[in-house]
Amino acid sequence: MYRQLSTLSVSSLLKTYSLPIDDKHINSKFIPKYRLSLIDHETPVEKLRLSSLSSVNIYIKRDDQLDSYSCGNKLRKLEFLFADILSRPECHHIITAGSLHSNHCKAVSVLAARFQRQAHVLLRTDRDNEDENILQGNVLLNYLLGTKLYLIPKKANIQRDIEPRMKQLEEELGGKDKCYLIPIGGSDIVGIFGYFDCFIREIIPLIDKLNLGHLVVPVSSGGTMEGLSLANYFTGNRLRIHAFAVSDNQNYFKTHFNTILSQLELENLIQLVDNDSLVDICDSYVGLGYGRMTNEQIDFLHNIISETGILFDPVYSGKCLWGLCEELRNKHTDRFPNDGKSILFLHTGGLLGLMNPDYNKQWLLSSNNHPNNHIRNWMTL
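Figured I'd write up the structure that's included with this text. The structure displayed is predicted, hence computed values, not measured ones.

## Overview of the overall build of the chain
Scanning the chain from N- to C-terminus turns up 12 helices and 12 strands. Taken against the 2.2 N^0.38 rule, which gives 21 Å for 381 residues, the C-alpha radius of gyration of the chain at 21 Å falls within 12% of a compact globule. If one aligns the C-alpha atoms of the chain with their principal axes, the spans along those axes are about 60 × 55 × 45 Å. For the chain, the residues scored as buried account for 54% of the 381 residues in total. Within the chain, residue pairs in contact and separated by at least 24 positions form 77% of the contacts whose partners lie at least 6 positions apart. Carbon and sulfur atoms make up 47% of the accessible area of the chain, which amounts to about 17500 Å² in all.

## Brief notes about helix H7 (residues 223–234)
Look at H7: 17 Å from first C-alpha to last across 12 residues, which is about the 16 Å you get at 1.5 Å a residue. Among the 12 residues of H7, 11 are classified as buried, and the element is accordingly described as predominantly covered. The complete set of buried residues in H7 reads Gly 223, Thr 224, Met 225, Glu 226, Gly 227, Leu 228, Ser 229, Leu 230, Ala 231, Asn 232 and Phe 234.

## Details of the pattern of salt bridges
Overall, the coordinates contain 16 salt bridges when judged by the stated rule. One salt bridge in this structure joins Glu 46 and Arg 62, with 3.1 Å as the shortest N-O distance. With Glu 46 in strand E3 (residues 45–47) and Arg 62 in strand E4 (residues 58–62), this pair connects stretches of sequence that are 16 residues apart. For Glu 46, a relative accessible area of 30% gives the class partly exposed. Overall, Arg 62 belongs to the buried group, its relative accessible area being 9%.

## As for the environment of Arg 76
Secondary-structure assignment places Arg 76 in helix H2 (residues 74–86). Residues in contact with Arg 76, not counting those within four places in the same chain, are Ile 39, Thr 43, Lys 61, Asp 63, Leu 66, Gly 194, Tyr 195, Cys 198 and Glu 202. Polar contacts involving the side chain of Arg 76 include one to the side chain of Glu 202, which spans 3.1 Å.

## Quick look at the environment of Lys 106
Within the secondary structure, Lys 106 sits in helix H3 (residues 103–114). Since its relative accessible area comes to 0%, Lys 106 is described here as buried. Between the C-alpha atoms of Lys 106 and Gly 137, which are 31 residues apart in sequence, the distance is 9.8 Å.

## Side note on unusual backbone geometry
The phi angle at Asn 237 is positive, at roughly 55 degrees, despite the residue not being glycine. Here Asn 237 lies in the loop between H7 and strand E10 (240–245). Positive phi, close to 60 degrees, is recorded for Glu 265, a residue that is not glycine. Inspection of the secondary structure assignment puts Glu 265 in the loop between helix H8 (250–263) and helix H9 (270–274).

## With respect to the packing of aromatic side chains
Describing an aromatic ring pair means giving the distance of the ring centres and the angle of the ring planes. Under the defined criterion, the tally for this structure stands at 11 aromatic pairs. Consider the rings of Tyr 233 and Phe 234, whose centres lie 5.5 Å apart with planes at 65 degrees: the pair is edge-to-face. For Tyr 233, a relative accessible area of 30% gives the class partly exposed. On the basis of an interplanar angle of 85 degrees and a centroid distance of 5.2 Å, the ring pair of Tyr 252 and Phe 253 is categorised as edge-to-face. In this structure an aromatic cluster arises from ring pairing among Tyr 17, Phe 80, Phe 193, Phe 196, Tyr 233 and Phe 234. The residue whose ring lies beneath Lys 47 is Tyr 59, and the NZ or CZ to ring-centre distance is 5.7 Å.

## A closer look at a nonpolar patch on the surface
Together, Leu 135, Leu 141, Tyr 143 and Leu 144 make up an exposed nonpolar region whose accessible area comes to about 380 Å². Among the secondary structure elements, Tyr 143 is positioned in helix H4 (residues 137–144).

## Focus on the packing of H2 against H3
Helix packing for two helices is described by the angle between their axes and how far apart those axes are. At a minimum axis separation of 10 Å, H2 and H3 run at an interaxial angle of 45 degrees. Regarding the angle of H2 to H3, the classification is oblique. Crossing angle aside, the handedness with which H2 passes H3 is right-handed. In contact with Lys 74, Leu 75, Leu 78 and Phe 82 of H2, H3 contributes Asn 103, His 104, Ala 107, Val 108, Leu 111 and Ala 112. Partitioned by chemical class, the residues of the contact of H2 with H3 number 7 nonpolar, 2 polar and 1 charged.

About the cut-offs
- Residues numbered from 1 in each chain as written.
- Predicted model: local features only at pLDDT ≥ 70, side-chain atom pairs only at ≥ 80, totals over all residues.
- Heavy atoms only, no water.
- Helix = DSSP H or I, 4+ residues; strand = E, 2+ residues; numbered from the N terminus.
- Rg over C-alpha atoms; globule rule 2.2 N^0.38 Å.
- Buried < 20%, exposed > 50% of the residue type's maximum accessible area, 1.4 Å probe, protein only.
- Contact = heavy atoms within 4.5 Å.
- Areas by Shrake-Rupley, 256 points an atom, 1.4 Å probe, with all protein chains shown as cover.
- Expected span 1.5 Å × (residues − 1).
- Salt bridge = Lys/Arg side-chain N within 4 Å of Asp/Glu carboxyl O.
- Polar contact = N/O pair within 3.5 Å; in protein donor to acceptor, adjacent residues only side chain to side chain.
- Phe/Tyr/Trp six-rings, centres within 6.5 Å; stacked < 30°, edge-to-face > 60°.
- Lys NZ or Arg CZ within 6 Å of the ring centre and 35° of its normal.
- Patch = residues over 30% accessible without salt bridge, like charges linked within 9 Å, V, L, I, M, F, W, Y side chains within 5 Å.
- Axes fitted to C-alpha atoms, helices over the stretch in contact; angles between N-to-C directions.
- Parallel < 35°, antiparallel > 145°, perpendicular 65-115°, else oblique.
- Left-handed = near helix turned anticlockwise from the far one by under 90°.
- Nonpolar A, V, L, I, M, F, W, Y, C, P; charged D, E, K, R; others polar.

Following this line, the structure appears as structure tokens:
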């Protein structure tokens, strides 16, 4: 839930931040000075009842209910990133990037408009500005929020293409003093404190209450996984964290995590990432790639939504849940031993991803769930 600027000033929203645990683990120079008060409630946790896995205790933490704009987990990271932005009065431009219908870019656009900053987002796509269908979904929301949109090739590489273009735009807009660059997904050494803090305040109290042994989360840009894993490690490593990749592979995410650790001067933990002790990264269920579903995943997503009444997006939570269910049905895996421990699944939101018009053809791929099987033509009265 967002609080209106008309009733609360920026200064009252910026709160001095301190780690909710002993800060001896992380050098104080890396701990954010401020947190922006955007979230005014803990997200609920409920039992996830699946008929095909009735013998397994699965709970779901509903971070899809963080706000009315369906920004989901992006909001936790942006509490710290925007606090850093608003602490710099001269900073007017915010530059970030993502896929065409990126929820992260939409979340940045929402907050930039709310706090009177100008957002600039680089969107990866095969379309161009002449496409009459370009203004749909999150792209339309970005446009309505006054964001400057820059269409870049869908295959643009982050290091080789996107980051240099963000730097170029920064120079064109007046340099570092006037601009703030947010990486894809907000996954940097500031953004990771969103889920570092969430783990300590909201997840640790659930461990004994729900007999938790496992925490499952989708991973794409890495920041959510990294914040949770570090907080878990520094508080006793009581949970086994499983990150299900929705794009890229295990090596990519290990490299990103190790880079974050180096930037935080925590090189002593790099070996724990490399040998899977800090987090279990599973890349077996990426399927066709980011934002693309197989027929099996399409059928699963349709069935799971109709069975539970909970909306799961096809990019993050839906694909992650599919991977979890596949693992639990596979008796040969040792990822989830039959130890009586419950599983906590983090629903990271992204619900407007379901409204992405590019998914229309994908929903039609599966004959089992073809709309013609569910929609009756009754146009003749």
